[in-house]
Amino acid sequence: MSTQLDVAASRVLRRVRLAHALRLPRYIGRRILFLVPQVLLISFITFALVRLLPGDPARFQLGPLAPEEAVEALRRKLHLDLSIPQQYAIWLKHTLSGDFGTSWSQGTDVGEDLLQRIPVTLELIFLSLLVVFIVLVPLAIVTASLSRNWAVWALRNVTFGYGMLAGALPDFLLALLLIFIFYTNLNLLPGPEGRLGILDTAPPFVTGSILIDATIAGDWSTFWSGAWHLVMPVFTLAFVYGAPVFKMLRSQMEIALDAEYTTYGEALGLAPRTILARAARVAAGSTVVIVGTVIMFLLGGDVLVESVFNMSGLGQYAVQAIVTADYAPIQAFVCFAAIFTMLVYLAVDLVHFAMDPRIKVVGSPT
Amino acid sequence: MWLRISSTLRQLPLWQLVFLALFALIVVLTAIGPDLAPYSTINACPSDRLVPPSAAHWLGTDDNGIDILSRLLAAPRTDVVIAVIATAISVLLGSPLGVVIALLESRRRGGSTVVAEIAMRLLEVIQAFPVFVFAMVLVAVFGGTKVNIIAAIAFVNTPVFVRLVRSDVLSLVQRPFAEAARAVGNSEWRVGFRHILPNAIPTILVQLSVTIGFAILLTAGLSFVGAGVKPPTPELGSMIASGAKFLIIGQWWPAVFPGIALGLIVFSFGVFGEVMTKFMEPRAIRSATWRTGMTTETDDAPVIGIVAPTTNAILAVRDLEVTPLQPGASPLLSGVSFSLGAGERMAIVGESGAGKSVLVKAVLGLLPAQLQVNSGQVRYGEVDLLNLDKSKLRSLRSKHIAATLANAKSQLHPLTTVGGTFAAALAAHQKVSAPEARRRSIELLRMVGMNDPERRLEAYPHELSGGMAQRVCIALALMYRPRLLIADEPTAGLDVTVQRQVLDLMEKLAREAGTAQLIVTSDLGIAAHYCDKVAVMQAGRVIEINETRAFFDAPVHPYSRQLLDSVRL
């Protein structure tokens with residue numbers, strides 16, 4: 001009798017689980033569907049905004065001395081005489097066929113430029129996040145712990161100072177100070193000369209990441225040169241942009257370690273590590289949301305840090321484009337950033353969803 | 001109000017006070033800074049270019065020969081005003097929007113969720129623009145006036161608050177207090193704004209201190225790349241930018257001093273936010289009530305009834321005193337003594353606030369950090385529990401000394417299934433395979449009268465009723481057939497049949513395994529039928545202990561009589 005009940009119950013359970021499992025792909029599918037209008041909207045807003053930038057690109061391109069007729073002809077050739085929606089339609093058609101246009105300040109193909117520069121920026125962001133996860137996340141968990149160990153106590157004070165300092169220090173200032181100390185005065189690290197020294201030759205282009213490409217080519221001197229050139233930019237980004245993650249994780253950890261379930265866990269005789277892990281699971285929810293925001297900030301903060309260190313990544317490219325009213329690169333940069341950010345957000349929501357059973361998928365039947 | 005401010009300030013470490021003072025100074029400088037400048041803040045003086053710090057120019061001069069100190073005094077008016085106004089706009093727009101979206105989502109009605117979903121996706125569109133570049137484009141398009149910079153910064157920061165408040169409200173909306181507020185007839189919106197939003201304020205404040213700092217940095221950053229406030233105006237970012245090229249060749253003062261100023265300003269705002277968070281913390285208020293709210297009415301009269309220590313006691317408590325950590329606080333427990341032999345069951349009764357739960361936590365060694373044991377002894381057999389090292393104490397817990405705590409539903413870890421909690425509790429003391437753990441958990445759940453235990457193992461605490469959570473906790477406590485069971489309101493939330501079932505089970509445990517039991521209850525019926533002894537607590541003291549029969553026949557202490565009369569009526 002009871003075994004029959006067991007079988008029936010487990011059958012019900014399997015069906016419930018299956019329904020849950022089926023809901024997730026549907027949710028992801030819907031989110032990706034949303035991505036299309038979102039990206040269209042973003043690209044249109046950017047398109048309109050960029051066209052409002054002061055300065056006439058045709059005049060920019062031909063110089064102040066060119067005759068008015070030539071400027072007029074170029075304007076027609078660039079479709080600048082059409083209305084913004086018409087221009088947008090043309091741009092969209094080109095973009096969808098893989099043609100991102102030409103930069104008129106550099107005369108280069110924007111698609112090519114992106115291919116060169118996106119890996120640089122992704123490499124910076126990835127390495128910075130890696131440092132945050134390897135160094136700051138464990139620090140936040142340990143320093144929030146209830147232990148009255150003197151080492152934890154000392155660490156707590158040091159990292160508390162860090163949390164405050166990192167929030168207060170502008171990335172570009174930290175970058176300049178690092179250069180002043182480690183290059184100008186101590187001469188330990190390379191200065192703001194870009195991704196490699198002047199005498200280094202870049203490895204053959206495969207992925208665009210110097211570290212990976214140099215590894216593939218087996219060129220270790222270039223690898224180390226690239227790594228040394230990355231130390232200051234990555235440290236700057238991780239130090240400044242890891243702070244919100246660190247602060248959020250620690251404050252959530254403190255709340256979780258103060259909660260009733262932690263006391264009860266101790267009453268159950270759970271190992272200190274288990275108790276810490278249980279608290280960390282709860283704290284991770286809000287932290288994941290902040291990590292998503294930080295990744296987005298990294299893409300923006302990267303703009304300044306790349307400019308200071310001359311990394312010739314995407315950020316520096318965008319700044320130059322805005323200053324010279326260069327339509328195509330700005331447009332391409334913003335669209336890339338938008339898609340990248342929205343995929344990050346989707347990932348954040350999914351992770352958050354997977355971690356917390358209390359959160360129900362929006363709009364799902366319950 | 002003033003009292004709380006001054007008491008909060010007194011608790012702060014010195015360095016925070018220093019930065020609070022600096023914060024006040026920055027506010028003053030924002031108001032009158034430009035008038036204090038000893039030199040002109042915008043007129044170039046080519047003969048004095050790049051003078052190092054000296055008596056005439058304390059912080060040196062920049063590449064235009066302008067006194068850096070003068071420019072620094074004038075700069076907060078630009079940076080701080082822009083950032084504070086922009087952040088205020090983001091919070092005021094973002095928080096209500098976050099509440100509204102969360103409430104619409106939690107309604108789970110077709111129309112509402114669609115609106116909420118569209119709002120979230122639009123928000124993503126705004127956030128998908130990289131903040132810095134977006135602000136740059138906005139400022140470049142509309143011109144670098146202060147109003148435009150404020151608008152751009154407010155616009156890019158609003159979604160942060162919407163998302164934060166939304167995720168907080170979504171997790172709070174199912175909490176008991178919100179359900180209770182709805183149950184007594186408050187409208188959904190009222191519950192959202194009056195009951196839930198205030199609970200999200202600490203998180204908002206932490207974010208606020210981060211965001212104001214970020215807004216100041218954003219203002220400076222925009223100006224640093226030349227897309228914000230333009231150079232003649234004294235502004236920190238543009239000052240650092242113009243000093244940067246000299247920094248690299250060794251002339252550090254034109255960039256470093258504005259940099260330090262920028263850092264100090266943001267830092268002071270951070271400290272201010274931190275202090276505000278501390279000020280808002282409910283914990284501080286709670287401990288204040290502990291300090292003042294507890295009055296010891298009973299005199300030092302000796303406890304009435306049997307006090308002679310049981311020989312071979314499993315649990316012996318002697319003269320236990322617990323006080324809050326603040327100096328001058330009156331004790332929450334004082335002079336508590338009793339002992340418990342094998343198989344013996346003692347009820348602890350008394351009105352709420354008498355110190356029953358504090359006693360339970362003190363005996364278990366689980367007092368919150370704000371409370372401490374002042375004096376006294378707690379012994380488990382020959383073991384001194386109060387001075388036992390942590391790992392030894394842990395090895396006793398659950399296996400020898402088990403406990404159920406009041407309000408079972410919030411005792412269970414919210415992200416762990418019932419089965420997961422059982423597995424963790426088993427793994428704490430022995431190596432068990434997963435199927436074996438499952439088998440034992442099902443058996444234990446069945447013992448406490450849980451129907452369909454296989455399915456319950458998959459349930460999360462928020463899917464359990466209070467009574468089911470209570471039974472899960474009792475099952476966990478019975479897991480190792482402990483020698484000592486301390487149960488705080490073990491039958492709260494159970495219906496009468498299950499209550500009897502659980503109590504019979506506890507009795508059986510006492511009889512068969514000789515488990516000594518300390519049962520905190522507000523139900524005198526349980527004390528009368530299931531316990532060997534009764535201890536009455538009032539205002540942190542045990543005022544009477546006696547055999548159950550003797551106690552109910554002839555209570556001695558006037559308060560005990562009062563307690564019994566209140567039930568008999």
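Here is what the cut-offs are and how they apply
- Here, residues in each chain are numbered from 1, in the same order as that chain's written sequence.
- Labels follow written order: the first chain is A, the first ligand is 1, and so on.
- A pLDDT threshold of at least 70 governs which residues receive local features in this predicted model, and a stricter bar of 80 or more applies before side-chain atom pairs are shown or counted, although totals over entire chains, interfaces and linings include all residues.
- The way it works is that DSSP assigns letters per residue, a run of H or I at least four long becomes a helix, a run of E at least two long becomes a strand, and they are numbered from the N terminus.
- Between the buried cut of 20 or more and the exposed cut of 12 or fewer other C-beta atoms within 10 Å of a residue's own C-beta lies the partly exposed class, and all C-beta atoms are placed from the backbone.
- Placing a C-beta atom from the backbone of each residue, one calls two residues in contact when those atoms lie within 7 Å.
- One bridge is not enough; two strands pair if DSSP finds at least two bridges between them.
- Following the grouping adopted for this structure description, the nonpolar residues are Ala, Val, Leu, Ile, Met, Phe, Trp, Tyr, Cys and Pro, the charged ones are Asp, Glu, Lys and Arg, and the polar ones are all others, Gly among them.
- Known as pLDDT, the predictor's per-residue confidence is scaled from 0 to 100.

With respect to the overall build of chain A
Then comes step 1: Scanning chain A from terminus to terminus reveals 13 helices and 0 strands.
Then comes step 2: In chain A, the succession of helices and strands from N to C terminus is α-α-α-α-α-α-α-α-α-α-α-α-α.
Then comes step 3: With 366 residues in all, chain A has 42% of them scored as buried.
Then comes step 4: Long-range contacts, defined as pairs at least 24 residues apart, comprise 69% of the intrachain contacts of chain A with a sequence gap of at least 6.

Things to note about the sheet that holds strand 5 (residues 371–380) of chain B
Residue and element names in this part refer to chain B.
Then comes step 1: The strand order across the open sheet built from 4 strands is 3-2-5-6, with neighbouring strands paired in antiparallel fashion. Each edge of the sheet is formed by a strand with only one pairing partner; in this case those strands are strand 3 (333–340) and strand 6 (383–384).
Then comes step 2: As defined by bridge partners, strand 2 (residues 315–324) adjoins strand 5 across 8 bridges and the pair is classed as antiparallel. Bridging from a neighbouring strand, Val 322 pairs with Val 373 of strand 5.

Digging into the interface of chain A and chain B
Then comes step 1: Tallying the contact residues gives 68 residues for chain A and 73 residues for chain B.
Then comes step 2: Within the residue set of the side of chain A that touches chain B, elements represented by two or more residues are helix 1 (2–51), helix 6 (150–168), helix 7 (171–185), helix 9 (220–257), helix 10 (260–267), helix 11 (272–309), helix 12 (314–323) and helix 13 (327–355) of chain A.
Then comes step 3: Of the residues in the side of chain A that touches chain B, the class split is 43 nonpolar, 17 polar and 8 charged.

Observations regarding the confidence of the model for chain B
Then comes step 1: In the predicted model, chain B carries a mean pLDDT of 82, and the fraction of residues at 70 or more is 93%.
Then comes step 2: Below a pLDDT of 50 lies the segment residues 283–299 of chain B, which in the model reaches 20 contacts outside its immediate sequence neighbourhood of four places, other chains included.

Let's talk about the environment of Lys 245 of chain B
Residue and element names in this part refer to chain B.
Then comes step 1: Within the fold, Lys 245 resides in helix 9 (residues 236–248).
Then comes step 2: The class of Lys 245 is partly exposed, set by 13 C-beta atoms lying within 10 Å.
Then comes step 3: As for Lys 245 and Ala 427, which are separated by 182 residues in sequence, their C-alpha atoms are 61 Å apart.

Describing the pairing of strand 3 of chain B
All names here are of chain B.
Then comes step 1: Buried residues dominate strand 3, accounting for 6 of its 8 residues.
Then comes step 2: Bridge count between strand 2 and strand 3: 5 bridges; the pairing is antiparallel. Bridge assignment links Leu 320 to a residue of strand 3, and that residue is Val 336.

Quick word on the environment of Tyr 530 of chain B
Residues and elements named next belong to chain B.
Then comes step 1: Here Tyr 530 shows up in helix 20 (residues 524–530).
Then comes step 2: A residue is classified by how many C-beta atoms lie within 10 Å of it, and Tyr 530, with 21 of them, is buried.
Then comes step 3: Contacts of Tyr 530, omitting those with residues within four sequence positions, involve Arg 345, Leu 503 and Glu 507.

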